[in-house]
Amino acid sequence: MPDTVLYYAVGPVHPRNLRLIASGLPAWDFKMVYEPDAHWMTDAALGAIPFEKIPLGKGADPVAVDPRTVKAVVFSTIQPRRAPVALLKWVMQHGLTSIAIEESNQIALNDGVVNNYLLPINHLLVASPHEREGFIAAGVAADR
């Protein structure tokens, strides 16, 4: 059985990003976690996504997946909102690897004021060397 990666999609561009990542890792089983009340998550949008889709619940166990099958959870954002916090808590409770992918140079574009990657994850993939320095200055450990 292949290792499973959960990809937490927040916006309409994220399923495309998931396709790109999954195409480079064909031996892995990708599943998309999403917030079912997101305005962009229409039946048509869901139907066009070629991965198993898992709605993020609001209970103590927000993801209906056996955590023993999950190798990592990739976050498209890790901002301090209820949904990503609940998912990250689940990840931490089960000792899973968390990865966040910064998709734009938001620190540079927003003069250091906006940062949607504040929560404590294992690995943060940044958009540029400038962003890396900005995250380190904001308190993110350099080895993350």
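Below you will find a few notes about this structure. These numbers were taken from a predicted model, which means no experiment stands behind them.

A closer look at the pairing of strand 1 (residues 4-9)
- Counting buried residues along strand 1, six of its six residues qualify, which places the element largely inside the surrounding structure.
- In this view, the connection linking strand 1 to its parallel neighbour strand 2 (residues 29-34) by way of helix 1 (residues 14-24) has right-handed handedness.
- The pairing of strand 1 with strand 4 (residues 70-75) spans five bridges and is parallel. The partner of Thr 4 across the bridge, within strand 4, is Val 70.

Observations regarding the sheet that holds strand 3 (residues 52-55)
- With respect to topology, six strands assemble into an open sheet ordered 3-2-1-4-5-6, the strand pairing being parallel. Edge positions in the open sheet fall to strand 3 and strand 6 (123-125), since each of these has one partner strand only. Recorded for the sheet is a direction-independent mean angle of 25° between the axes of neighbouring strands.
- The pairing of strand 2 with strand 3 spans four bridges and is parallel. What sits directly across from Tyr 34, in strand 3, is Pro 55.

Observations regarding the side chain of Glu 35
- Tracing the backbone shows Glu 35 in the loop between strand 2 and helix 2 (43-47).
- Polar contacts involving the side chain of Glu 35 include one to the side chain of Tyr 8, which spans 2.3 Å.
- Here Glu 35 is in contact with Tyr 8, Ala 9, Met 41, Leu 56, Arg 81 and Ala 83, once residues within four sequence places are set aside.

Description of helix 3 (residues 82-93)
- For helix 3, which comprises 12 residues, the first-to-last C-alpha distance of 16 Å matches the rise-based estimate of 16 Å (1.5 Å per residue) to within 8%.
- Residues of helix 3 that are buried in the fold lie against strand 1, strand 2, strand 4 and strand 5 (97-101).
- With its phi angle positive at about 65°, Gly 95 sits one or two positions after the end of helix 3.

Thoughts on the nonpolar core
- Judged by nonpolar contacts, the single largest core of 24 residues is most densely connected at Leu 6, Val 63, Val 73, Phe 75, Ile 78, Leu 87 and Trp 90.
- Looking at this core element by element, the count peaks at five residues for helix 3.
- When near neighbours in sequence (up to four residues on either side) are disregarded, Val 73 contacts Leu 6, Leu 87, Trp 90, Val 91, Thr 97, Ser 98 and Ile 99.
- Counting residues in each nonpolar core, the second largest holds 17 residues, with Met 32, Trp 40, Phe 51 and Ile 99 among its members.

Digging into the side chain of Thr 77
- Here Thr 77 is to be found in the loop between strand 4 and helix 3.
- Given a relative accessible area of 6%, Thr 77 falls into the buried group.
- Engagement of the side chain of Thr 77 in a polar contact is seen with the backbone nitrogen of Gln 79, the distance being 3.5 Å.
- Filtering out sequence-adjacent residues up to four positions away, Thr 77 remains in contact with Tyr 8, Val 10, Pro 84, Asn 116 and Tyr 117.

Conventions and cut-offs
Residues numbered from 1 in each chain as written. Predicted model: local features only at pLDDT ≥ 70, side-chain atom pairs only at ≥ 80, totals over all residues. Heavy atoms only, no water. Buried < 20%, exposed > 50% of the residue type's maximum accessible area, 1.4 Å probe, protein only. Helix = DSSP H or I, 4+ residues; strand = E, 2+ residues; numbered from the N terminus. Right-handed = clockwise from strand over helix to strand, strands pointing away. Pairing = 2+ DSSP bridges. Axes fitted to C-alpha atoms, helices over the stretch in contact; angles between N-to-C directions. Polar contact = N/O pair within 3.5 Å; in protein donor to acceptor, adjacent residues only side chain to side chain. Contact = heavy atoms within 4.5 Å. Expected span 1.5 Å × (residues − 1). Core = buried A, V, L, I, M, F, W, Y, C linked by side-chain atoms within 4.5 Å.

These results come straight from atomic positions and should not be treated as a statement about function.
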